[in-house]
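The chain contents come next:
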Amino acid sequence: MIFEDAHDFAAAVPPRRALAGLDLGTATIGVAVSDAFLSVATPLLTIRRKKFTLDAEALIAILEARAIGGVILGLPRNMDGSEGPRAQSTRAFARNLDRLVDLPIAFWDERLSTVAAERALLEADTSRRRRAEVIDHVAASYILQGALDRLRNIRGARDDG
């Protein structure tokens, strides 16, 4: 099921199950995963895109192997907040993935996630070649960490009330 609202997504995620974060590009899919306590996002790998069925197979294998409880997809909004062709493509990917997996799926505004990932890799003095290899799954971890932080606030508010 696809959720637009973070509160509804949080309620749909099974307890003590990790989340996966995805940074969808035209040539690659960056994948990051969280711990079961939903506190830390870790870059995992980058899938080279071929066609949807093959991409989905690779992704589903990861989701199943890691007992993932939900998926966060980076939504590439324009800087003014509007949605262009890339955001529409991401929403189409979510609809197609939703037909194949029984997991909650949510979107996270990914504006500047790649910039932040690039900056972090530069600060870590990562070589240009290595940055090219890891940028997508590092960006996916920034997307996922943002969502995890939001979910932690939702859970905290729920526990307080």
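The rules behind the values
- Residues numbered from 1 in each chain as written.
- Predicted model: local features only at pLDDT ≥ 70, side-chain atom pairs only at ≥ 80, totals over all residues.
- Heavy atoms only, no water.
- Helix = DSSP H or I, 4+ residues; strand = E, 2+ residues; numbered from the N terminus.
- Buried < 20%, exposed > 50% of the residue type's maximum accessible area, 1.4 Å probe, protein only.
- Contact = heavy atoms within 4.5 Å.
- Areas by Shrake-Rupley, 256 points an atom, 1.4 Å probe, with all protein chains shown as cover.
- Salt bridge = Lys/Arg side-chain N within 4 Å of Asp/Glu carboxyl O.
- Phe/Tyr/Trp six-rings, centres within 6.5 Å; stacked < 30°, edge-to-face > 60°.
- Lys NZ or Arg CZ within 6 Å of the ring centre and 35° of its normal.
- Pairing = 2+ DSSP bridges.
- Axes fitted to C-alpha atoms, helices over the stretch in contact; angles between N-to-C directions.
- Expected span 1.5 Å × (residues − 1).
- Arc of directions from axis to C-beta.
- Core = buried A, V, L, I, M, F, W, Y, C linked by side-chain atoms within 4.5 Å.

Details of the overall build of the chain
(1) Moving on: When helices and strands are counted, the chain shows five helices and six strands.
(2) Moving on: Counting from the amino terminus, helix and strand elements in the chain follow one another as β-α-β-β-β-α-β-α-β-α-α.
(3) Moving on: Considering the chain as a whole, with its 161 residues, one finds that 44% of them fall into the buried category.
(4) Moving on: In the chain, of all internal contacts separated by at least 6 residues, the share reaching a separation of at least 24 is 65%.
(5) Moving on: Carbon together with sulfur atoms contributes 52% to the accessible area of the chain, which is approximately 8,700 Å² in total.

Observations concerning the pattern of salt bridges
(1) Moving on: Applying the stated criterion across every chain yields a total of six salt bridges.
(2) Moving on: For Asp149, the salt bridge is made with Arg152, and the minimal N-O distance between the two is 2.5 Å. Remark: Arg152 and Asp149 occur in helix H5 (residues 128-160); sequence separation between them is three residues, near one turn of the helix.
(3) Moving on: Accessibility expressed as a relative area gives 32% for Asp149, which makes it partly exposed.

Concerning the packing of aromatic side chains
(1) Moving on: Under the counting rule described, the total for this entry stands at two aromatic pairs.
(2) Moving on: Seen in terms of ring centroids, Phe3 and Phe9 are 6.3 Å apart; in terms of plane orientation they differ by 70 degrees. Their pairing is edge-to-face.
(3) Moving on: A relative accessible area of 2% means that Phe9 is categorised as buried.
(4) Moving on: Geometry around Phe107 places Arg91 over its ring, the cationic atom sitting 4.6 Å from the centre.

Here's the deal with the sheet that holds strand E6 (residues 105-109)
Within a beta sheet, neighbouring strands are joined by backbone hydrogen bonds and run either parallel or antiparallel to one another.
(1) Moving on: Read from one edge of the open sheet, six strands run E1-E6-E5-E2-E3-E4, paired in mixed fashion. Only two strands of the sheet have a single neighbouring strand rather than two, namely strand E1 (2-3) and strand E4 (41-48).
(2) Moving on: Direction of pairing for strand E3 (residues 28-34) relative to E4: antiparallel, over a ladder of seven bridges. Looking at the pairing, Ala32 lines up with Pro43 of E4.
(3) Moving on: The strands that helix H2 (residues 52-65) touches are strand E2 (19-24), E3, E4 and strand E5 (70-75); relative to E4, the one it contacts most, it runs at about 150 degrees.

What to know about H2
(1) Moving on: End to end, H2 covers 20 Å across 14 residues, agreeing with the expected 20 Å (1.5 Å per residue, within 8%).
(2) Moving on: The complete set of buried residues in H2 reads Asp55, Ala56, Leu59, Ile60, Ile62 and Leu63. Looking straight down H2, one finds its buried side chains confined to an arc of 160 degrees; they lie on one side. Residues of H2 that are exposed and point over 90 degrees away from its buried face: Glu57, Glu64 and Ala65.
(3) Moving on: For H2, the secondary structure elements touched by its buried residues are E2, E3, E4, E5 and helix H3 (85-98).
(4) Moving on: Ala67, located one to two residues past H2, shows a positive phi value of around 50 degrees.

Remarks on the nonpolar core
Nonpolar side chains in soluble globular proteins tend to end up buried together.
(1) Moving on: The biggest cluster of nonpolar side chains holds 25 residues, and the ones touching the most others in it are Leu22, Leu59, Leu63, Leu73 and Phe93.
(2) Moving on: Those elements that provide at least two residues to this core are E2, E3, H2, E5, H3 and E6.
(3) Moving on: The leading source of residues in this core is H2, at five residues.
(4) Moving on: Residue contacts for Leu59: discarding those within four places in its chain leaves Leu22, Val31, Ile47, Phe93 and Leu97.
(5) Moving on: In this structure, Phe9, Leu19, Ala41 and Ile154 belong to the second largest nonpolar core, which totals 17 residues.

Note that every value here comes from positions in space, so none of it alone points to a role or purpose.
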